[in-house]
Amino acid sequence: MNYLASVGSYAIMIREVFKKPTKWRIMKSLILKEIDELIFSSLGIIIFISFFIGAVVAIQTALNLTNPLIPRDLIGFATRQSVILEFAPTFVSIIMAGKVGSYITSSIGTMRVTEQIDALEVMGVNSLNYLVFPKIIAMLFYPFAIAISMYVGIFGGWMAGVFGGFLTSEDFITGLQSDFVPFHIAYAFVKTLIFAFVIATIPSFHGFYMKGGALEVGKASTTSFVWTSVVIIILNYILTQLLLG
Amino acid sequence: MIEVRDIHKSFGDAHILKGITTTFEKGKTNLVIGQSGSGKTVFLKCLLGLFEPEEGGIAYDGKLYSEHTDDEKRDLRQEMGMVFQGSALFDSMTVEGNVMFPLEMFTKQSKSEMKERVDAVLKRVKLIDAHHKFPSEISGGMQKRVAIARAIVMNPKYLFCDEPNSGLDPKTAIVIDDLIKEITEEYNITTVINTHDMNSVMQIGEKIIFLKDGLLEWEGTKNEIFKTDNEAVTNFVYSSDLFKKVRQMYIQEQN
């Protein structure tokens, strides 16, 4: 019953986010600030994780290719498919649910605890629009981060494959280009956009409606990470079934 | 002027406000006192329009809040200034940014006009060199002054303060009390203060209402509070030996 009530509150929150907009002059600077905090500040960790995930995928694939009849360029193919279809959009989104999500929950939660949200409401500001809308818009740039993740992941696979002595650069590139389905890119970015919305809104919900003090801010951050991850995993399944099934 | 007409407010089974009727006049500092849990904060939030009473209503200059359209409610909110217990300054903004915030949100003033107004208001609350400091870099007393500056920057008709002296040393508390009283008279606004601080009651309380268990137990002036024989009020206000002696001295003087 509680879960249903939460889903209802979440839906009401989303409706409120788009009502009574904040002045564009102020909103513009809020959006730029959020792009910096949510996207640019996450690029380092995204690049780091993507590089090593791509490298590990290439090595694991190479180590499992024991049959000499299977061409080595499969390593490039497997790296591309794994990184583009799952690791970049889904795995990185789970990481972002932790990094960006906990930042969103704790920053909004702290504003709740210190009555800053009440101060906004008293002034007549639509606090949900002021706080959450810029985050949603900033997260529209998330697919660019995922595009970088895809590139770096494949580059990591190439580095590990070639410099690890598992295959030649030519083989890797041949694998990379074989059986390419452009729709897979569209599928990955549709997923990414939906995950971006989830990463912006679920942690905002947990921060905005939290009650209590500093300890509860920490608890809300943990809860928001768990729920954001759960929703991403479930949506990943549904979207894969709908778009590729 | 604010007229509170028999307001009731409940949360689930908890009946917090059980029918409060009173009036807060323009240009006066009105104090709401009462023990923790007496309903003071809910009462203040009703006055601010954050909670709507289930029964009764609150009229601002003669018009009930519930009769306002959404746009009128928004306009009314802009005529209210609020000083929160913990100041509630925006951490990510400087002192200047905090005070300028309502102007940026709700006026079409140019940057230089806004800056001029912010300078004037900060000067009024005696904060000269703190414009570019962040809330975490200034003292609690200074934060309260910034909160007052932010509350009056839009020339409000109504000023609400929730425990404005909490966490302040007695000297700074007196400075804040005096500042609120001066501003109330200077701007001719209706000020309502929630407080536990009996020094404030004695110093600036022109009208005092005492809430007990969600009911208005007593109301009067600060002179009347010395003479009252209402047991609940005397137990609360004169719970300390110091205030008992002050009261005795006042009564002896009167006799």
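What you see is a predicted model; the values in this text were computed from it and never measured. In every chain, residue numbers begin from 1 and rise along the written sequence. Chains carry letters from A onward and ligands carry numbers from 1 onward, assigned in written order. Note on the predicted model: pLDDT of at least 70 is required for a residue's local features to be given, and 80 or more for side-chain atom pairs to be given and counted; whole-chain, interface and lining totals, by contrast, use all residues.

Visitor: I tried to follow the overall build of chain A on my own but got confused; where do I start?
Guide: A tally of regular secondary structure across chain A gives ten helices and zero strands. The N-to-C order of helical and strand elements in chain A reads α-α-α-α-α-α-α-α-α-α. Each of the three principal axes of chain A carries a C-alpha extent, and together these read 70 × 40 × 35 Å. Exposure is read from a count of other C-beta atoms within 10 Å of each residue's own; the residue is exposed at 12 or fewer, buried at 20 or more and partly exposed in between. C-beta atoms are placed from the backbone. Within the span of chain A, comprising 245 residues, buried residues form 42% of the whole. Note on contacts: residues are paired as contacts if their backbone-placed C-beta atoms lie within 7 Å. At a minimum sequence separation of 6, the contacts of chain A that also span at least 24 residues come to 88%. Helix and strand definitions follow DSSP, with helices as H or I runs of at least four residues and strands as E runs of at least two, each counted in order from the N terminus.

Visitor: What should I look at first to understand the sheet that holds strand 2 (residues 14-24) of chain B in this one?
Guide: Within a sheet, adjacent strands bond to each other through the backbone by hydrogen bonds, running parallel or antiparallel. Residues and elements named next belong to chain B. Pairs of strands are assigned from DSSP output, requiring at least two bridges between the strands. Ordered in space as 2-1-4-5, the four strands form an open sheet in which the pairing is antiparallel. The sheet terminates laterally at strand 2 and strand 5 (63-64), the two strands that pair on one side only. Across eight bridges, strand 1 (residues 2-11) lies against strand 2 in antiparallel orientation. Along strand 2, the bridge assignment pairs Lys9 with Leu17.

Visitor: Can you help me understand the interface of chain B and chain A in this one?
Guide: A common way to report how large an interface is uses the accessible area buried once the components associate. The partner chain A presents twelve residues to the 14 residues of chain B that form the contact. Of all the secondary structure elements, the ones that give two or more residues to the side of chain B that touches chain A are helix 2 (70-77), strand 6 (80-83) and helix 3 (95-106) of chain B. When the residues that make up the side of chain B that touches chain A are grouped by side-chain class, the tally is nine nonpolar, two polar and three charged. Put simply, Ala, Val, Leu, Ile, Met, Phe, Trp, Tyr, Cys and Pro go in the nonpolar bin, Asp, Glu, Lys and Arg in the charged bin, and everything else, Gly too, in the polar bin.

Visitor: Would you mind showing me how to read the packing of helix 2 (residues 24-39) of chain A against helix 6 (residues 127-138) of chain A here?
Guide: Helix packing for two helices is described by the angle between their axes and how far apart those axes are. Residues and elements named next belong to chain A. Every axis corresponds to a line fitted to the C-alpha atoms, with the helix fit spanning only the stretch in contact, and the corresponding angles, defined between N-to-C directions, vary from 0 to 180 degrees. It is the contact of helix 2 with helix 6, at a shortest axis distance of 8 Å, that shows an interaxial angle of 60 degrees. The orientation of helix 2 with respect to helix 6, classified from their angle, is oblique. In this structure, the crossing between helix 2 and helix 6 has a hand that is right-handed. From helix 2, Met27, Leu30, Ile31, Glu34, Ile35, Leu38 and Ile39 reach across to helix 6, where they touch Pro134, Lys135, Ile137 and Ala138. The class makeup of the residues in the contact of helix 2 with helix 6 is nine nonpolar, no polar and two charged. For classification purposes, an angle smaller than 35 degrees is called roughly parallel, one larger than 145 roughly antiparallel, one from 65 to 115 roughly perpendicular, and anything else oblique. Note on convention: the crossing is left-handed when the near helix lies turned anticlockwise from the far helix by less than a right angle, right-handed when the turn is clockwise.

Visitor: How should I be thinking about helix 5 (residues 140-152) of chain B in this particular structure?
Guide: Since the α-helix turns once every 3.6 residues, residues separated by three or four places project in the same direction. Residues and elements named next belong to chain B. The first and last C-alpha atoms of helix 5 sit 19 Å apart over 13 residues, in line with the 18 Å expected at 1.5 Å per residue. Burial analysis of helix 5 places ten of its 13 residues in the buried class, the great majority of the element. When helix 5 is considered as a whole, its buried residues turn out to be Gln143, Lys144, Arg145, Val146, Ala147, Ile148, Ala149, Arg150, Ala151 and Ile152. In this analysis, the expected span of each helix is defined as 1.5 Å times one less than the number of residues it contains.

Visitor: I'm lost on the nonpolar core in this one. Help?
Guide: Side chains that are nonpolar tend, in soluble globular proteins, to be buried together. In this description, a nonpolar core means buried residues of the types Ala, Val, Leu, Ile, Met, Phe, Trp, Tyr and Cys, linked to one another by C-beta atoms lying within 7 Å. Counting 121 residues, the largest nonpolar core has B:Ala149 and B:Phe160 as its most contacted members. Element by element, the count of residues in this core is highest for helix 4 (residues 74-113) of chain A, at 13 residues. Excluding its chain neighbours within four sequence positions, the residues that come into contact with B:Phe160 are B:Leu44, B:Leu47, B:Leu48, B:Met80, B:Met82 and B:Val192.

Visitor: I would appreciate a short explanation of the pairing of strand 3 (residues 29-33) of chain B in the present structure.
Guide: Regular strands have side chains that alternate between both faces of the sheet. All names here are of chain B. Along strand 3, five of the five residues are buried, which leaves the element largely enclosed by surrounding structure. Every second residue of strand 3 is oriented toward a common face, with Thr29, Leu31 and Ile33 on one face and Asn30 and Val32 on the other, all of them buried. Taken together, the four bridges between strand 3 and strand 9 (residues 207-212) define a ladder with parallel strand orientation. Looking at strand 9, one finds that Val32 is bridged to Ile209.

Visitor: Would you explain the domain arrangement of chain B in this entry?
Guide: Residue and element names in this part refer to chain B. Domain assignment breaks chain B into domain 1 (1-79 + 157-221) and domain 2 (89-155). Relative placement of domain 1 and domain 2: their C-alpha centres are 24 Å apart. In terms of residue count, the dominant contributor to the side of domain 1 that touches domain 2 is helix 6 (residues 170-187) (seven residues). Split into classes, the residues belonging to the side of domain 1 that touches domain 2 amount to nine nonpolar, three polar and no charged. For every domain, the bounds stem from an assignment made automatically or drawn from a database.

Visitor: Please explain unusual backbone geometry as it appears in this structure.
Guide: Residues apart from glycine generally show negative phi values, whereas peptide bonds are mostly found in trans. Residues and elements named next belong to chain A. Non-glycine residue Glu115 carries a positive phi angle of around 65 degrees. Turning to its location among the elements, Glu115 is positioned in the loop between helix 4 and helix 5 (116-123). You can call Glu115 partly exposed: it has 19 C-beta atoms within 10 Å. We note that Asp179 has phi near 50 degrees; this positive angle belongs to a residue other than glycine. Here Asp179 is to be found in the loop between helix 8 (169-177) and helix 9 (182-208). C-beta crowding within 10 Å serves as the criterion here: with 8 such atoms nearby, Asp179 is assigned to the exposed category.

Visitor: Help me understand the sheet that holds strand 3 of chain B, please; the structure alone is not making it clear to me.
Guide: Residue and element names in this part refer to chain B. As summarised here, the arrangement of the six strands in space is 6-7-8-3-9-10, forming an open sheet in which the pairing is mixed. The sheet is open, and its two borders are formed by strand 6 and strand 10 (215-220), each paired with just one other strand. Within the sheet, the average angular offset between the axes of one strand and its neighbour, ignoring direction, is 20 degrees. Alignment of strand 9 against strand 10, held across five bridges, turns out to be antiparallel. Each residue of the ladder has a partner; that of Lys212, found in strand 10, is Leu215. Strand contacts of helix 1 (residues 40-47): strand 3, strand 7 (158-162), strand 8 (190-194) and strand 9, with the helix running at about 155 degrees to strand 8, the strand carrying the most contacts. Helix 5 contacts strand 6 and strand 7 of the sheet and is inclined by roughly 170 degrees relative to strand 6.

Visitor: Teacher, can you tell me more about the environment of A:Trp158 here?
Guide: All names here are of chain A. The residue Trp158 is located in helix 7 (residues 142-163) in this model. Residue classification places Trp158 among the buried residues on the basis of 21 C-beta atoms within 10 Å. Separated by 71 residues in sequence, Trp158 and Phe87 have C-alpha atoms that sit 16 Å apart.

Visitor: Would you explain the packing of helix 9 of chain A against helix 10 (residues 214-244) of chain A in this entry?
Guide: Residues and elements named next belong to chain A. Contact pair helix 9 / helix 10: the axes reach a minimum separation of 9 Å and the direction vectors enclose 155 degrees. By the angle between their directions, the pair helix 9 and helix 10 is classed as roughly antiparallel. With respect to the hand of their crossing, helix 9 and helix 10 are arranged in right-handed fashion. Together, Tyr187, Val190, Lys191, Ile194, Phe195, Val198, Ile199, Ile202, Pro203, His206 and Gly207 of helix 9 and Ala220, Thr223, Ser224, Trp227, Thr228, Val231, Ile232, Leu235, Asn236, Leu239, Leu243 and Leu244 of helix 10 make up the contact between the two elements. Per-class residue counts for the contact of helix 9 with helix 10 are 16 nonpolar, six polar and one charged.

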